[in-house]
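# Structural features, examined
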Amino acid sequence: PAYMGACGVSNGVYFQFILLAMGTLYAVSTLVSESFGEKHGWKSIGVLKSATKVCIVLSVIFYLWMSVVIRHFDWLKEDENITGLARKFLTVLNYSTPMLLFFTLGKQYMDGMGRTKVSMVITIIGLVVNVFLNWVLIYGHLGFPAYGIVGAAMATGTSRTLMCAMIIGFIVWDKQTRHLLDEFRQSGSKAKSYVKQILVIGIPSGLQIFFEVAAFSAGQVMSGWLGVDSLASFQVAINLASITFMLVSGIAAAATIMTGYAYGAKDTYGVRMAGNTIYLLTLCSQVIFALFFLLFHSLLPHMYVSDPAVIETASALLLLAALFQLSDGLQVVGVGILRGLQDTRVPSVLAFASYWLVMVPCCYVLAFNFGLGVKGIWIGFTIGLSVAA
């Protein structure tokens, strides 16, 4: 439970900040899809060049910021054992922050072209490598020492580096990208910078993601105040809920690409068709996910831990996760559709209100004032996501 809790709270804290940078880079797919909708695909090269400069700056800023967070991790008031393990994990993980951001940049560029299969294949390869290296480095197989939680961070960092190298290599050697580069050089617009557009679209988008993830991270920190078992249960349930969230995030990414393309082509009917299709897909998929959690809530936690207390609590949390599947799906695809239309400011404001004025206070009051514990935190999640949707 201590290792599970430390990994969970570490990743929660790490991603609540790093997703601010990653969310900023989401503007790349919006601008790239718009350029193809305009039939000026060569503009995407200018977007990529400007985004590279932004990515370098973000990598430096967020690496340094995470170094400060790691040093002052004790401010979160977690158990001393959890804090010690989290610092070891994050110190190693932080070295791979630039690789994560540059992979995100490459992924957003290819996604904007509608070529989402590229990053899917690379991510699956990275996943396999990560699982294998976890087995080797956590437990000490194949002659390696057993690094424990540090081994988990080493495995993640190595797989991120591989994924970054693969996506950059693909873009450099891809025939379509090289053809677009030739057109870009002949366009007469080589000096144009897209940095301002990336920041205008990307920063609100990053803030929207930050507000959401930071709120969930706050719930995770609160669960740590309830004890190590509660934190471990939270981690098991949030990991499973995150898997379904990532699947619907793929639909949201498609929403950005489809609406962005139609927006660039000034095709109002195309925008409407894309939005209706996306919402229908989301409704169908989220109903299936909700039923999945309802049917298998008592079995799924056994994949993670053997502790009976953790399994019992995690099973109860998965029932609550089933309740918010629909709300979670509708809010994330709504944001994806609006991002394709380059409308990111209003969703950012709505996210702040939903998660920090509604969700986080509900989590605290239900968990501590009403004595519902970690279940109260998850009821708060359901309320906040419903308001956001």
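Residues numbered from 1 in each chain as written. Predicted model: local features only at pLDDT ≥ 70, side-chain atom pairs only at ≥ 80, totals over all residues. Heavy atoms only, no water.

Let us look at the nonpolar core. Judged by nonpolar contacts, the single largest core of 100 residues is most densely connected at Tyr109, Trp378 and Phe381. Element by element, the count of residues in this core is highest for helix 1 (residues 2-25), at 13 residues. Every residue in contact with tyrosine 109, bar those within four places of it in the chain, is listed here: Val28, Val32, Ser44, Ile45, Leu48, Ile171, Thr177 and Leu180. Of all hydrophobic cores here, the second largest spans eight residues; its members include Ala252, Ile278, Val332 and Ile337. (Core = buried A, V, L, I, M, F, W, Y, C linked by side-chain atoms within 4.5 Å. Buried < 20%, exposed > 50% of the residue type's maximum accessible area, 1.4 Å probe, protein only. Helix = DSSP H or I, 4+ residues; strand = E, 2+ residues; numbered from the N terminus. Contact = heavy atoms within 4.5 Å.)

Taken together, Trp225, Tyr364, Val365, Phe370, Leu372, Ile379, Ile383 and Val387 make up a surface patch of nonpolar side chains, about 710 Å² in accessible area. Those elements that provide at least two residues to the nonpolar patch are helix 13 (345-369) and helix 14 (373-388). The dominant element in the nonpolar patch, judged by the number of residues it contributes, is helix 14, at three residues. Mapped onto the fold, leucine 372 is located in the loop between helix 13 and helix 14. (Patch = residues over 30% accessible without salt bridge, like charges linked within 9 Å, V, L, I, M, F, W, Y side chains within 5 Å. Areas by Shrake-Rupley, 256 points an atom, 1.4 Å probe, with all protein chains shown as cover. Salt bridge = Lys/Arg side-chain N within 4 Å of Asp/Glu carboxyl O.)

With that settled, consider the side chain of threonine 97. By the element assignment, threonine 97 lies in helix 5 (residues 97-112). Polar side-chain contacts of threonine 97 include one of 2.7 Å to the side chain of tyrosine 14. Once residues lying within four places of it in the same chain are set aside, the contact partners of threonine 97 are Tyr14, Ile18 and Tyr63. (Polar contact = N/O pair within 3.5 Å; in protein donor to acceptor, adjacent residues only side chain to side chain.)

What follows concerns the packing of helix 10 (residues 228-264) against helix 14. At their nearest, the axes of helix 10 and helix 14 sit 10 Å apart, and the two run at 30° to each other. With respect to their mutual orientation, helix 10 and helix 14 come out roughly parallel. Between helix 10 and helix 14 lies a crossing of right-handed hand. Together, Ser230, Phe234, Ala237, Ile238 and Ala241 of helix 10 and Val374, Ile377, Trp378 and Phe381 of helix 14 make up the contact between the two elements. Here the residues of the contact of helix 10 with helix 14 sort into eight nonpolar, one polar and no charged. (Axes fitted to C-alpha atoms, helices over the stretch in contact; angles between N-to-C directions. Parallel < 35°, antiparallel > 145°, perpendicular 65-115°, else oblique. Left-handed = near helix turned anticlockwise from the far one by under 90°. Nonpolar A, V, L, I, M, F, W, Y, C, P; charged D, E, K, R; others polar.)

Turning our attention to the state of the cysteines. Two cysteines, two sulfur atoms, one covalent bond between them: this is a disulfide. Taken as a whole and assessed by the stated rule, the structure comprises zero disulfides. Sulfur of cysteine 55: no disulfide; nearest cysteine sulfur belongs to cysteine 164 and is 8.2 Å away. (Disulfide = S-S within 2.5 Å.)

Let us look at helix 8 (residues 175-186). Spanning twelve residues, helix 8 covers 17 Å between terminal C-alpha atoms, matching the ideal 16 Å at 1.5 Å per step. Burial in helix 8 covers these residues: Thr177, Leu180 and Phe184. Viewed end-on, helix 8 has its buried residues packed into an arc of 60°, placing them on one side of the element. The exposed set on the far side of helix 8, more than 90 degrees from its buried face, consists of Lys175, Arg185 and Gln186. Packing partners of the buried residues in helix 8 comprise helix 2 (27-37), helix 3 (43-71), helix 5 and helix 7 (149-173). (Expected span 1.5 Å × (residues − 1). Arc of directions from axis to C-beta.)

Another aspect to go through is the packing of aromatic side chains. Applying the stated criterion across every chain, the model contains 16 aromatic pairs. Plain terms: the ring middles of phenylalanine 211 and phenylalanine 352 are 5.3 Å apart, the flat faces sit at 65° to each other, and that makes the pair edge-to-face. Residue phenylalanine 211 is located in helix 9 (residues 195-225), and its partner phenylalanine 352 is located in helix 13; the two are separated by 141 residues in the primary sequence. Among the aromatic residues, those joined into a cluster by ring pairs are Phe17, Trp65, Phe210, Phe211 and Phe352. (Phe/Tyr/Trp six-rings, centres within 6.5 Å; stacked < 30°, edge-to-face > 60°.)

Further remarks concern the environment of threonine 52. Of note, threonine 52 is situated in helix 3. Here the alpha-carbon distance between threonine 52 and tryptophan 356, two residues 304 residues apart in the chain, equals 32 Å. If we ignore the near neighbours within four places in the chain, the residues touching threonine 52 are Phe102 and Leu105.

Axis separation between helix 6 (residues 116-139) and helix 7 bottoms out at 8 Å; the angle between their running directions is 155°. With respect to their mutual orientation, helix 6 and helix 7 come out roughly antiparallel. Judged by the twist between their axes, the crossing of helix 6 over helix 7 is right-handed. The segment helix 6 lies against helix 7, with Val118, Ile122, Thr123, Ile125, Gly126, Val129, Asn130, Leu133, Asn134, Leu137 and Ile138 engaging Gly151, Ala152, Met154, Ala155, Thr156, Thr158, Ser159, Leu162, Met163, Met166, Ile167 and Phe170. Looking at the contact of helix 6 with helix 7 residue by residue, the classes come out as 15 nonpolar, eight polar and no charged.

Here the phi dihedral of leucine 142 falls at roughly 55°; this positive angle occurs in a residue that is not glycine. On the secondary structure map, leucine 142 appears in the loop between helix 6 and helix 7. Judged by relative accessible area, which is 59%, leucine 142 ranks as exposed. One non-glycine residue, glutamine 342, adopts positive backbone phi at about 60°. The topology assignment puts glutamine 342 in the loop between helix 12 (308-340) and helix 13. A relative accessible area of 25% means that glutamine 342 is categorised as partly exposed.

Read these as spatial facts, not as claims about activity.
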